[in-house]
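What the coordinates show
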Amino acid sequence: MSTMRRLSSLVAVGLLGAACASGPEPPDWQMNARQAIDAAVVAYLEGNARVEATETERARSEIARTGQLDLLARAELMRCAARVASLVFEPCEGFEKLRLEAAPAERAYADYLAARAQPQDIALLPQPHRAVADARTGADAAASALGGIDDPLSRLIAAGVLFASNRASPQTLQIAVDTASAQGWRRPLLAWLNVQLMRAEQAGASGEADRLRRRIAVVQGAR
């Protein structure tokens, strides 16, 4: 399964799952919307703001043709999830405008992205995220759960939630860096490397800080 296929099927609570179900060929709007969402997420992770904005609007337009507000809400969640993976924590405004139209699972996922998942809603989250969402899970146990998430983007999203909830151990940071690096996702890689750099500087680890600065400079130059 390709990275783009995983983005659609695993990230935002089965977004547009009907598009890949067995049976009759799905209508054009479903396939167009799914492709646009995939392209927007990848463009964001790669640091291509222009393509991300274009594909996001294309996805919104395709879904808007149907008047299905719950699907629009799911699309907005995918956009916000990519930001959490990149340590960009901001209100998910597109989703919040549609919260009342969203299903309970989508509302639970939005709260999870904001690091405020409620205990009663954890069962509504995708399976890989449940242990991470539980605030009772300590930093070490959370890092272990993180390493067990197969999908790269889901793993980065979970790491972002751990960071936002002050449960990101050094192991969590390294898992996030390794994941972003392996996928070539420049934006989250820079974000996580800078967190590692900050912690190295705070610890007085000058050699490690210098190594991280060199690596950051290389990634920044890869435009």
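To be clear, the structure that these remarks concern was listed above.
A short tour of the structure in this document, coming up. Keep in mind that this is a model prediction, so the values were computed, not measured.

The rules behind these values
Residues numbered from 1 in each chain as written. Predicted model: local features only at pLDDT ≥ 70, side-chain atom pairs only at ≥ 80, totals over all residues. Heavy atoms only, no water. 1 Å grid on protein atoms, 1.4 Å probe; cavity = no way out; pocket = protein on both sides within 12 Å on 5 of 7 lines; lining within 4 Å. Points joined across faces, edges and corners; volume = space filled by probe spheres on them. Helix = DSSP H or I, 4+ residues; strand = E, 2+ residues; numbered from the N terminus. Nonpolar A, V, L, I, M, F, W, Y, C, P; charged D, E, K, R; others polar. Expected span 1.5 Å × (residues − 1). Buried < 20%, exposed > 50% of the residue type's maximum accessible area, 1.4 Å probe, protein only. Contact = heavy atoms within 4.5 Å. Polar contact = N/O pair within 3.5 Å; in protein donor to acceptor, adjacent residues only side chain to side chain. Core = buried A, V, L, I, M, F, W, Y, C linked by side-chain atoms within 4.5 Å. Phe/Tyr/Trp six-rings, centres within 6.5 Å; stacked < 30°, edge-to-face > 60°. Lys NZ or Arg CZ within 6 Å of the ring centre and 35° of its normal.

**Comments concerning the layout of surface pockets**
- Estimates place the volume of the largest pocket at around 210 Å³.
- Taken together, 13 residues form the lining of the largest pocket, with Glu90, Pro91, Cys92, Leu113 and Ala114 sitting closest to its centre.
- Mapped by element, the contributors of at least two residues to the lining of the largest pocket are helix H4 (69-85) and helix H6 (104-113).
- Ranked by residues supplied to the lining of the largest pocket, first place goes to H4 with three residues.
- When its residues are assigned to classes, the lining of the largest pocket shows nine nonpolar, no polar and four charged.

**A word on helix H2 (residues 28-46)**
- Here H2 is 19 residues long and its end C-alpha atoms lie 27 Å apart, about the 27 Å a rise of 1.5 Å per residue gives.
- Burial runs high along H2: 14 of the 19 residues are buried.
- Phi turns positive one or two residues past the end of H2, at Gly47, with a value near 85 degrees.

**Some words on the environment of Ala131**
- Here Ala131 lies in helix H7 (residues 130-133).
- Spatially, the C-alpha atom of Ala131 lies 6.6 Å from that of Ala145, the residues being 14 residues apart in sequence.
- Residues within four places of Ala131 in sequence aside, it is in contact with Thr137 and Ala145.

**Overview of the side chain of Arg83**
- Inspection of the secondary structure assignment puts Arg83 in helix H4.
- A relative accessible area of 8% means that Arg83 is categorised as buried.
- Of note is the side chain of Arg83, whose polar atom sits 3.1 Å from the side chain of Glu52.
- A distance of 3.1 Å separates a polar side-chain atom of Arg83 from the backbone oxygen of Arg79.
- Setting aside residues no more than four positions away along its own chain, Arg83 makes contact with Tyr44, Glu52, Val88 and Glu90.

**With respect to the nonpolar core**
- Ranked by size, the top nonpolar core spans 63 residues in total, and within it Ile63, Tyr109, Tyr112, Leu113, Ile157 and Trp192 carry the most contacts.
- Ranked by residue count, the leading element in this core is H4, at eleven residues.
- The contacts of Leu113, once residues within four sequence positions are left out, are Leu77, Cys80, Ala81, Val84, Ile157 and Val161.

**Side note on the packing of aromatic side chains**
- Evaluation of the coordinates by the stated rule reveals three aromatic pairs.
- Seen from their ring centres, Phe89 and Phe163 are 6.3 Å apart, and the 10 degrees between their planes marks the pair as stacked. Taken together, the residues span a long stretch of sequence, with Phe89 in the loop between H4 and helix H5 (93-96) and Phe163 in helix H9 (residues 152-164) at a distance of 74 residues.
- Looking at Phe89, the relative accessible area reads 38%, which means it is partly exposed.
- On the accessibility criterion, Phe163 (24% relative accessible area) is partly exposed.
- Centroid distance Tyr109 to Tyr112: 6.0 Å. Interplanar angle 45 degrees. Geometry classified as tilted. Here Tyr109 pairs with Tyr112, and both are found in helix H6, just three residues apart, close to one helical turn.
- Here Tyr109 falls in the buried class, since its relative accessible area comes to 0%.
- A cation over an aromatic ring shows up here: Arg83 above the ring of Tyr44, its NZ or CZ 4.1 Å from the ring centre.
- Across the ring face of Tyr44, the terminal group of Arg187 is positioned such that the distance to the ring centre comes to 4.0 Å.

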